[in-house]
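Chains, contacts and geometry: an overview
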Amino acid sequence: MKKIFIFDTTLRDGEQSPGASLSSQGKIQIAIQLAKLGVDVIEAGFPIVSEDDANAVKTISKEVKGPSICALARCIKKDIDCALKSLETSQKPRIHLFLATSEIHRKYKFGKAKSEIIRIAKESVNYAKKYISEIEFSPEDATRTEKDFLLEVCQTVINEGANIINIPDSVGYALPEEFGQLIGFLKNNLDEKIILSIHCHNDLGLAVANSIAGIINGATQVECTINGLGERAGNASLEEIVMNLVVRKDYFGIETNIKTEEIYRTSKLVSSLTGIMVQPNKAIVGENAFRHEAGIHQDGILKNRATYEIMNPQMVGIPESQLVLGKHSGRHAMQNKLKQIGFNIEEEKIDKIFERFKQLADKKKDITDMDLIVIAEEETISTISVYTLEYFHTISGSSTIPTATVRLKKGNDLFEDASRGDGPVDAIYKTIDKITGCNPVLKEYKINAVTGGQDAQGEVIISLIIDKVNFIGKGVSTDIIEASAKAYLNAINMYFSKKNIFKKG
Ligand code: KIV
Ligand code: ZN
């Protein structure tokens, strides 16, 4: 059966989603999960943008085995050098060069003639080829570029050694039929040894449809992001493309290397680390994607699931929300359950997770897979904890001034303080600011119930601006004030671990 390569751009194009923020640590966690998911290529970043971006590409290159690791570069020598440097430790490095080719870009962005664009593309690929064998080239805004000129650019860079040609619909302008024809035209006219790739944006909501049209017409690599994240309306969603190919294998006859059971976990991880929630009706990974509300549908499902389900939630790794463990379950049972849901956690971390599990079991009767997942994620993915929350106490009510007392631990030192606020959460945040000496601006605060029921755990995701940088923090607890405090501290810890500032409290 034919295979198509999955090139994930969540860490690059996806990271550019307005409102998203990813720390280097978050990027590495996502890259590890993407490797588990089975993507063929990870675009780890655009190293010239900042030292942080370059470091993330370096670390991913060193630590993530399996997929090719790719770095983005404009057709500029300093970009290429920087990308090559950040890929030095990768076993399977790839550089991705891009240059806009459409008339509107040539005229307004560059003020350059077609011949100049050809020259720059040619020289850049020629230069990079001296140092790296795998070169991907993207004529940016390809779908608004004259067809004959697009072909000329592609042929030029192939002659210089580019082995992957990626056709981006950079502004989401193409229609499926049109995009399919363009890919068919290039497939027929370009060297058949190259990998022909597609990269679709979602401005008109057609990114996945266009990608599918590209695949039908001969593309052998598809670029996409988890949860469809990306600039403006986003990019083509990985999970939607892959599940189209899986569910309609009868039609496409095409396979990928994706382990579909890892899709849901990857989606959750990306959502919690970027702070961008998934809309409930999002195909494949949305909360409602497998829910049946209408009576007629429920009746059909009870008689035969296939009446209203073309795939089942287990195929994409959605845990059944069954009762898993309770107050009397032991460490071993919990560890087994974690393994079953796919977490391979080092022994040292199990103790802490078990302690949290026991605390939760005291407060919450039914502990589900989702409950366990959020605890495991929090304990395994968190940043270096510069400060930990030892204790908090709040007073609030309609006729009293909200006040909070907080005790934090840093190393072996304890710090305690108190403040008033507009509410108990605000009072806690002001106290944490006093102790840590941080003065963040709270940009966003979101709260979500992890599972249903009155005793559900609350998951708080916040976004803080500290020294002009955005930090996302996450906290989980059955007590929403505690979850709020933990999320705030998590973001502040990210800031400290990034800056390596260990201010005396
Ligand atoms: O959308 C786009 O054109 C891109 C290129 C860098 C491939 O993201
Ligand atoms: Zn793009």
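Focus: the coordination of the zinc ion (ligand 2)
Protein coordination of the zinc ion (ligand 2) is provided by D13 (OD), H199 (NE2) and H201 (NE2), with donor distances spanning 2.0 to 2.2 Å. Summarised as a motif, the one-chain spacing of the donors to the zinc ion (ligand 2) is D-x185-H-x1-H. Of this pair, D13 sits in the loop between β2 (5-8) and α1 (24-37) while H201 is found in the loop between β8 (195-200) and α8 (207-216), placing the two residues 188 residues apart along the sequence. Assessed through its relative accessible area of 3%, D13 is described here as buried.

Examining the domain arrangement of the protein chain
If you check the domain split of the protein chain, you get domain 1 (2-274), domain 2 (291-380) and domain 3 (388-499). In this complex, domain 2 contributes 12 residues to the contact, which on the side of domain 3 involves 12 residues. When domain 2 packs against domain 3, the two sides together hide about 930 Å² of surface, and 48% of this comes from carbon and sulfur. Of all residues in domain 2, the largest losses of buried area upon contact with domain 3 belong to K364, V374 and E378, amounting jointly to 47% of the total for that side. Summed over the shared surface of domain 2 and domain 3, the number is zero salt bridges. Run the count over domain 2 and domain 3 and you get one residue pair in polar contact (both at pLDDT 80 or more). Those elements that provide at least two residues to the side of domain 2 that touches domain 3 are α14 (347-363) and α15 (369-381). When residues of the side of domain 2 that touches domain 3 are assigned to their parent elements, the largest contribution, six residues, is made by α15. For the side of domain 2 that touches domain 3, the per-class residue count stands at four nonpolar, one polar and seven charged.

Section: the site of ligand 1
Taken together, the neighbourhood of ligand 1 is formed by R12, D13, H96, F98, S138, E140, N166, P168, S170, H199 and H201. Within the contact set of ligand 1, an oxygen atom lies 3.2 Å away from a side-chain nitrogen or oxygen of H199. Out of a free accessible area of 260 Å², ligand 1 has 94% covered by protein chains. Listing elements by their share of the shell around ligand 1, those giving two or more residues are β5 (93-100), β6 (135-140) and β7 (164-169). Counted by class, the shell around ligand 1 contains two nonpolar, six polar and three charged residues.

Some details on the packing of helix α7 (residues 176-189) against α8
A pair of packed helices can be characterised by two numbers: the angle between their axes and the separation between those axes. Running from amino to carboxyl end, α7 crosses α8 at an angle of 35 degrees, the nearest separation of the two axes being 8 Å. Crossing hand, α7 versus α8: right-handed. Taking contact as the criterion, the partners of P176, F179, G180 and I183 in α7 are, on α8, A209, N210, A213 and G214.

Details of the sheet that holds strand β18 (residues 469-477)
Spatially, three strands are ordered β16-β17-β18 in an open sheet, and the strand pairing comes out antiparallel. Across the chains shown, the open sheet's two edge strands, defined by having one partner strand only, are β16 (441-449) and β18. On average, each strand axis in the sheet is tilted by 15 degrees relative to the strand beside it, whichever way the strands run. Note: strand β17 (residues 458-466) against β18, nine bridges, orientation antiparallel. Its bridge partner being in β18, V460 is matched across the sheet by G475.

A look at α7
Between the first and last C-alpha of α7 there are 20 Å, a value that for 14 residues agrees with the 20 Å anticipated at 1.5 Å per step. Buried residues of α7: F179, G180, L182, I183, G184 and L186, and no others.

Some details on the packing of aromatic side chains
What the rule picks out here adds up to eight aromatic pairs. Note on F46 and F98: the rings are 5.9 Å apart at their centroids and 70 degrees apart in plane angle, and the pair reads as edge-to-face. Residue F46 is found in the loop between β3 (41-45) and α2 (51-63), and its partner F98 is found in strand β5; the two are separated by 52 residues along the sequence. In textbook terms, an aromatic cluster arises when at least three aromatic residues are bridged by ring pairs, as seen for Y387, F471, Y495 and F496. Here the guanidinium or amino end of K147 rests over the ring plane of F185, the centre of that ring lying 4.7 Å away. For R407, the ring lying beneath its charged end belongs to Y391, and the centroid distance is 5.7 Å.

A look at the packing of α1 against helix α11 (residues 263-274)
Close contact between α1 and α11 brings their axes to 10 Å; oriented N to C, the two are set at 170 degrees. The angle between the axes of α1 and α11 places the two elements in the roughly antiparallel class. Contacts from G26, Q29, I30, Q33, L34, K36 and L37 of α1 reach α11 at I263, R265, T266, L269, V270 and L273.

Here's the deal with the nonpolar core
A general tendency of soluble globular proteins is for nonpolar side chains to be buried together. If you look at the biggest cluster of nonpolar residues, it comprises 106 residues, and the most contacted ones within it are I95, L97, F137, I165 and I167. Among the domains, domain 1 (2-274) and domain 2 (291-380) are the pair contributing at least three residues each to this core. When near neighbours in sequence (up to four residues on either side) are disregarded, L97 contacts A73, R74, C75, I80, S124, V125, A128, I135, E136, F137 and S138. A404, I466, A487 and F496 belong to the second largest nonpolar core, which has 29 residues in total.

Comments concerning the sheet that holds strand β14 (residues 403-410)
The strand order across the open sheet formed by three strands is β13-β14-β15, and the pairing between neighbours is antiparallel. With one partner strand each, in any of the chains shown, β13 (388-395) and β15 (413-420) form the two edges of the open sheet. Within this sheet the neighbouring strands show an average axis-to-axis angle of 15 degrees, counted without direction. Sheet topology note: the β13/β14 ladder contains seven bridges and is antiparallel. Bridging from a neighbouring strand, F392 pairs with V406 of β14. Strands β13, β14 and β15 of the sheet are contacted by helix α16 (residues 424-436), whose axis makes an angle of about 135 degrees with β15.

Remarks on the pattern of salt bridges
Scanning the entire structure with this criterion turns up 33 salt bridges. With a closest N to O distance of 3.9 Å, K114 and E146 form a salt bridge. Pair noted here: K114 is in helix α5 (residues 114-129) and E146 is in the loop between β6 and α6 (147-160), with a separation of 32 residues, a long-range link. Taking the relative accessible area as the measure of exposure, E146 reaches 25% and is therefore partly exposed. A salt bridge links E262 to R265; the shortest N-O distance between them is 3.3 Å. In this pair, the class of E262 matches that of R265, namely buried. Salt bridges sharing common partners tie together R12, D13 and E43.

Conventions and cut-offs
- Residues numbered from 1 in each chain as written.
- Chains lettered and ligands numbered in written order.
- Predicted model: local features only at pLDDT ≥ 70, side-chain atom pairs only at ≥ 80, totals over all residues.
- Heavy atoms only, no water.
- Donors = N, O, S within 2.8 Å, 3.2 Å for Na, K, Ca; no water.
- Helix = DSSP H or I, 4+ residues; strand = E, 2+ residues; numbered from the N terminus.
- Buried < 20%, exposed > 50% of the residue type's maximum accessible area, 1.4 Å probe, protein only.
- Domains from an automatic or database assignment.
- Contact = heavy atoms within 4.5 Å.
- Buried area = accessible area lost by both parts, 1.4 Å probe.
- Salt bridge = Lys/Arg side-chain N within 4 Å of Asp/Glu carboxyl O.
- Polar contact = N/O pair within 3.5 Å; in protein donor to acceptor, adjacent residues only side chain to side chain.
- Nonpolar A, V, L, I, M, F, W, Y, C, P; charged D, E, K, R; others polar.
- Near = heavy atom within 4 Å.
- Areas by Shrake-Rupley, 256 points an atom, 1.4 Å probe, with all protein chains shown as cover.
- Axes fitted to C-alpha atoms, helices over the stretch in contact; angles between N-to-C directions.
- Left-handed = near helix turned anticlockwise from the far one by under 90°.
- Pairing = 2+ DSSP bridges.
- Expected span 1.5 Å × (residues − 1).
- Phe/Tyr/Trp six-rings, centres within 6.5 Å; stacked < 30°, edge-to-face > 60°.
- Lys NZ or Arg CZ within 6 Å of the ring centre and 35° of its normal.
- Parallel < 35°, antiparallel > 145°, perpendicular 65-115°, else oblique.
- Core = buried A, V, L, I, M, F, W, Y, C linked by side-chain atoms within 4.5 Å.

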